[in-house]
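Each chain, written out:
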Amino acid sequence: MGRRILVLHGPNLNLLGQREASIYGSTSLEEINRLIKEEADKLGLEVTTFQSNYEGRLVEAIQDARGKYDLIIINPAAYTHTSIALRDAILAVDIPVIEVHISNIYKREAFRQKSYIAGVAVGQICGFGINSYLLAIRAAAKIIQGEKGV
Ligand code: DQA
């Protein structure tokens with residue numbers, strides 16, 4: 001398995017740092033992407049990041065990942081709780097996926113406690129603030145080393 005990771009950020013995550021800071025913190029998406037790249041560098045992983053507010057664009061990014069990336073880390077944001085299209089896209093490509101959330105979605109409103117993505121992901125990391133992304137990078141490194149069969 002290769003070492004190319006695609007990190008996808010869903011809707012409204014472009015506003016991180018400005019949006020509901022008491023839930024999502026004060027770090028911008030640009031800074032989060034920088035921290036992700038730093039962690040990936042340390043572990044010898046190549047990482048590409050992409051954010052979209054559009055469900056179809058995220059579906060296309062997953063489809064286009066075939067043959068280009070070895071693992072996808074995705075924070076689907078609100079589409080977590082609504083998108084069968086994202087779930088189907090993940091099922092359609094043979095690439096392991098790690099689901100990430102900044103907040104602990106199970107401590108929040110009932111509608112956030114359902115994920116359409118979790119059932120097709122290798123695993124889900126949520127509730128650790130922006131560290132959720134960095135933990136996902138570390139999990140990705142382990143998966144790539146073959147420590148968890150996927
Ligand atoms: C989120 C949780 C979602 O419920 C919410 O819609 C988001 C962000 C998180 O990272 O905690 O936009 O995915």
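Positions within a chain are numbered from 1, following the residues in the order the chain's sequence is written. Predicted model: local features are reported for residues with pLDDT of at least 70 only, side-chain atom pairs are reported and counted for 80 or more only, and whole-chain, interface and lining totals are derived from all residues. To obtain the side-chain values, all non-hydrogen atoms of the structure were used and water was disregarded.

Visitor: Can you help me understand the overall build of the chain in this one?
Guide: Secondary structure assignment for the chain yields five helices and five strands. For the purposes of this entry, the term helix denotes a DSSP run of H or I that reaches at least four residues, the term strand denotes a run of E that reaches at least two, and both are numbered from the N terminus. In the chain, the order of α-helices and β-strands from amino to carboxyl end is β-α-α-β-α-β-α-β-β-α. We compute the radius of gyration over the C-alpha atoms and compare it with the globule rule, which gives 2.2 Å times the number of residues raised to the power 0.38. A globule of 150 residues ought to have a C-alpha radius of gyration of about 15 Å, and the chain, at 14 Å, matches this closely. Along the longest, intermediate and shortest principal axes, the C-alpha atoms of the chain span 40 × 30 × 25 Å. Looking at the chain as a whole, 47% of its 150 residues qualify as buried. Throughout, a residue-residue contact means that at least one pair of heavy atoms, one from each residue, lies within 4.5 Å. Restricting to contacts in the chain with at least 6 residues of sequence separation, those with at least 24 account for 76%. Only protein chains enter the accessibility calculation, which uses a 1.4 Å probe. A residue is then buried if its area is under 20% of the maximum for its type, exposed if over 50%, and partly exposed in between.

Visitor: I tried to follow the site of the ligand on my own but got confused; where do I start?
Guide: Proximity is defined per residue: if any heavy atom of the residue lies within 4 Å of a molecule or strand, that residue is considered near it. Lining the immediate surroundings of the ligand are Arg19, Tyr24, Asn75, Ala77, Ala78, His81, His101, Ile102, Ser103, Ile105 and Arg112. For this analysis, a polar contact is any N or O atom pair within 3.5 Å, provided that within protein one partner can donate a hydrogen and the other can accept it, and provided that sequence-adjacent residues contribute only side-chain to side-chain pairs. Contacts to the ligand include alanine 78, whose backbone N or O atom sits 3.2 Å from an oxygen atom. Expressed as a share of its isolated accessible area of 320 Å², the protein-covered part of the ligand is 98%. Cavities and pockets were defined on a 1 Å grid built from protein atoms only: a cavity is a group of points that admits a 1.4 Å probe but offers it no way out, a pocket is an open group of points flanked by protein on both sides within 12 Å along at least five of seven lines, and a lining residue is one with an atom within 4 Å of any such point. To be counted as sitting in a cavity or pocket, a molecule needs more than half of its atoms within 2 Å of that site's grid points. The cavity that encloses the ligand is the second largest pocket. For the shell around the ligand, the residue count by class is five nonpolar, four polar and two charged. Every accessible area reported is derived by Shrake-Rupley at a probe size of 1.4 Å, with residue values counting cover from the shown protein chains alone. All amino acids are sorted into three groups, where Ala, Val, Leu, Ile, Met, Phe, Trp, Tyr, Cys and Pro are nonpolar, Asp, Glu, Lys and Arg are charged, and the leftover types, Gly among them, are polar.

Visitor: What should I look at first to understand the packing of aromatic side chains in this one?
Guide: In this description, an aromatic ring pair is defined by two values, namely the gap between the centres and the angle between the planes. Each Phe, Tyr or Trp ring, with Trp reduced to its six-membered ring, pairs with another whose centre is within 6.5 Å; inter-plane angles below 30 degrees give stacked pairs, above 60 give edge-to-face pairs, and intermediate values give tilted ones. According to the stated counting rule, one finds zero aromatic pairs in the structure shown. As a reminder, the over-ring test applies to NZ of lysine and CZ of arginine, requiring each to be within 6 Å of the ring centre and within 35 degrees of the ring normal. The side chain of lysine 114 reaches across the aromatic face of tyrosine 116, ending 4.8 Å from its centre.

Visitor: Is there a simple way to think about the environment of arginine 34 in this case?
Guide: Of note, arginine 34 is situated in helix H2 (residues 29-42). Separated by 27 residues in sequence, arginine 34 and alanine 61 place their C-alpha atoms 20 Å apart.

Visitor: Explain the layout of surface pockets here, please?
Guide: With a probe scaled to a water molecule rolled over the atoms, the places where space remains empty come into view. Grid points are joined across faces, edges and corners, and a volume is the space filled by probe spheres set on the points. By volume, the second largest pocket amounts to about 150 Å³. Together, 15 residues line the second largest pocket, and Tyr24, Ala77, Ala78, His101 and Arg108 are the ones closest to its centre. Across the lining of the second largest pocket, the residue classes tally to seven nonpolar, five polar and three charged.

Visitor: It is not clear to me how the sheet that holds strand E3 (residues 71-75) should be interpreted in this structure. Could you clarify?
Guide: Strands belonging to one sheet form pairs held by backbone hydrogen bonds; the direction of such a pair is parallel or antiparallel. For two strands to count as paired, DSSP must find a minimum of two bridges between them. The strand order across the open sheet built from five strands is E2-E1-E3-E4-E5, with neighbouring strands paired in parallel fashion. The outermost strands of the open sheet, each flanked by one partner alone, are strand E2 (46-51) and strand E5 (123-126). Averaged over all adjacent pairs, the angle separating strand axes in this sheet is 20 degrees, with direction ignored. In terms of strand pairing, strand E4 (residues 97-101) meets E5 through four bridges, oriented parallel. Pairing of histidine 101 across the sheet is with cysteine 126, part of E5. The strands that helix H3 (residues 55-64) touches are strand E1 (4-9), E2 and E3; relative to E1, the one it contacts most, it runs at about 175 degrees. Axes here mean lines fitted to C-alpha atoms, for a helix over just the part in contact, with angles spanning 0 to 180 degrees between N-to-C directions.

Visitor: What should I look at first to understand H2 in this one?
Guide: One turn of an α-helix holds 3.6 residues; hence residues three or four places apart share an orientation. With 14 residues, H2 should cover 20 Å at 1.5 Å per step; its first-to-last C-alpha distance of 20 Å lies within 8% of that length. If you check which residues of H2 are buried, you get Leu29, Ile32, Asn33, Leu35, Ile36, Glu39 and Ala40. The buried residues of H2 all sit within an arc of 160 degrees when viewed along its axis, so they share a single face. For H2, exposure combined with an orientation more than 90 degrees from the buried face picks out Glu30, Asp41 and Lys42. Glycine 44 occupies a position one or two residues after H2 and carries a positive phi of about 75 degrees. The span one expects for a helix is its residue count, reduced by one, times 1.5 Å. Here, the arc refers to the directions that run from the helix axis to the C-beta atoms.

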